[in-house]
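Close look at the chain arrangement
So the chains spell out like this:
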Amino acid sequence: MSRNGWNPWQTGTFFSAIAMFGVGNIMRKAEGSAKRKKRIAEVVLETSFSFIVLLFLLSISDVEISMIENVFPNPLYFLVASLAGWFFIADLSRLLMLCKRLKELFCTLGKYSLYIMCLHMGAFKIVMWIECIVYGWDMQNLSAYPTLYSASGWWCLYTVVGVIFPVLCGFFMGHIKRSVFGNGWEICRLGIMINKRRNVK
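Parameters at a glance
- Along each chain, residue indices are assigned from 1 in the same order as the chain's sequence is written.
- Whole-chain, interface and lining totals are the exception, using all residues; otherwise, since this is a predicted model, local features are given only for residues with pLDDT of at least 70 and side-chain atom pairs are given and counted only at 80 or more.
- With hydrogens and water excluded, all non-hydrogen atoms of the structure serve as input to the side-chain values.
- Planes of paired rings set the category: under 30 degrees apart is stacked, over 60 is edge-to-face and the rest tilted, where pairs are Phe, Tyr or Trp rings (Trp by its six-membered ring) whose centres lie within 6.5 Å.
- Throughout this description, buried means an accessible area under 20% of the type-specific maximum (1.4 Å probe, protein chains only), exposed means over 50%, and partly exposed covers the range between.
- A residue counts toward a patch only above 30% relative accessible area and without a salt bridge, and it is joined to like-charged neighbours within 9 Å or, for Val, Leu, Ile, Met, Phe, Trp and Tyr, to nonpolar neighbours within 5 Å.
- Each accessible area is a Shrake-Rupley estimate made with a 1.4 Å probe; only the visible protein chains count as cover when residues are assessed.
- In what follows, salt bridge is the name for a side-chain nitrogen of Lys or Arg lying within 4 Å of a carboxyl oxygen of Asp or Glu.
- Here a helix means four or more residues in a row that DSSP labels H or I, a strand means two or more in a row labelled E, and each is numbered from the N terminus.
- Helix span, as expected, comes to 1.5 Å for every residue beyond the first.
- The arc refers to the directions leading from the helix axis to the C-beta atoms.
- Contacts are assigned to residue pairs that have any heavy atoms within 4.5 Å of one another.
- The definition of a nonpolar core used throughout is a set of buried Ala, Val, Leu, Ile, Met, Phe, Trp, Tyr and Cys residues joined through side-chain atoms within 4.5 Å.

Our focus in this paragraph is the packing of aromatic side chains. Two aromatic rings, taken as a pair, are described by how far apart their centres are and by the angle between their planes. Across all of its chains, the model carries eleven aromatic pairs by this definition. With 4.5 Å between their ring centres and 10° between their planes, phenylalanine 72 and phenylalanine 78 make a pair best called stacked. Per residue, the accessibility class of phenylalanine 72 equals that of phenylalanine 78, and both read buried. In this structure an aromatic cluster arises from ring pairing among Tyr135, Trp137, Tyr149 and Trp154.

Written out as structure tokens, the structure reads:
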């Protein structure tokens, strides 16, 4: 938990992630117990303020936060940056939900989020293969992790392919399940969701 990173066998990353998960859980419960919904003006103000805080934190430190290596300037910096990031993403999502098309887009991405999480690294290999062809690099570079070359706008292609490819896989998997199992699969899935909601209550 230091500037140089304390992370034997990813232990530091584990505890840092657990700490942030706990903070996020507390924030979610606090927001869920709120007596009234936030007004648009309040959401805009919170979004702007949290963004300014993130820019300020970025300007005062030359150390990038890395959860993989468990590197950050100090625990207080990490906590403030995490809270500011949480508020920024949460409030920005509320603003985006005001647009019907964006709402539908993010609902679709949320539906296939498990596929995106599991398959995005494999999807990156498609972009890496294209880079090897464009720049004439050896195909052994496909073993690079997590990306090969993300500068000069390539990160945009990594982002698009890393999302679209898993979503398409999820869509076709769902189609295959419905074709093979029919409505039985959906009934089973619905039963699992109902049991989960009962356990939460």
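On the surface, Ile126, Trp129, Ile130, Ile133, Val134, Tyr135, Trp137, Met139, Leu157 and Phe165 cluster together into a nonpolar patch covering about 860 Å² of accessible area. For the nonpolar patch, the secondary structure elements donating two or more residues are helix H5 (113-135) and helix H6 (154-181). In this fold, isoleucine 133 is placed in helix H5. Using a relative accessible area of 49% as the deciding quantity, one classes isoleucine 133 as partly exposed.

Over its 21 residues, helix H2 (residues 40-60) extends 31 Å from the first C-alpha to the last, a length consistent with the 30 Å expected when each residue adds 1.5 Å. Every buried residue belonging to H2 is among Val43, Thr47, Ser50, Val53 and Leu57, and all of these are buried. An end-on view of H2 places all buried positions within 130° of arc, on one side of the element. Facing away from the buried side of H2 by more than 90 degrees, the exposed set consists of Ala41, Leu45, Phe49, Ile52 and Ser59. Contact partners of the buried residues in H2: helix H3 (75-96).

As a further point, take unusual backbone geometry. The omega torsion across tyrosine 145 and proline 146 is -5°, close enough to zero to call that bond cis. Looking at where proline 146 falls in the secondary structure, it is placed in the loop between H5 and H6. Of note in this structure, serine 152 is not a glycine but carries a positive phi near 55°. What makes serine 152 exposed here is its relative accessible area of 63%.

All right, on to the environment of proline 146 then. Taking relative accessible area as the criterion, proline 146 reaches 37% and is therefore assigned partly exposed. As a C-alpha pair, proline 146 and glycine 122 span 24 residues in sequence and 9.6 Å in three-dimensional space. With residues up to four places along the chain from it excluded, the contact list for proline 146 reads Met121, Phe124 and Met128.

Grouped together as the largest cluster of nonpolar side chains are eight residues: Ala123, Phe124, Val127, Met128, Ala144, Trp154, Tyr158 and Val161. Every element with two or more residues in this core is listed here: H5 and H6. It is H5 that provides the largest number of residues to this core, a total of four residues. In this structure valine 161 touches Ala123, Ile126, Val127 and Pro166, once residues within four positions along its chain are discounted. By size, the runner-up hydrophobic cluster in this structure holds five residues, among which are Val53, Leu57, Ala81 and Ala84.

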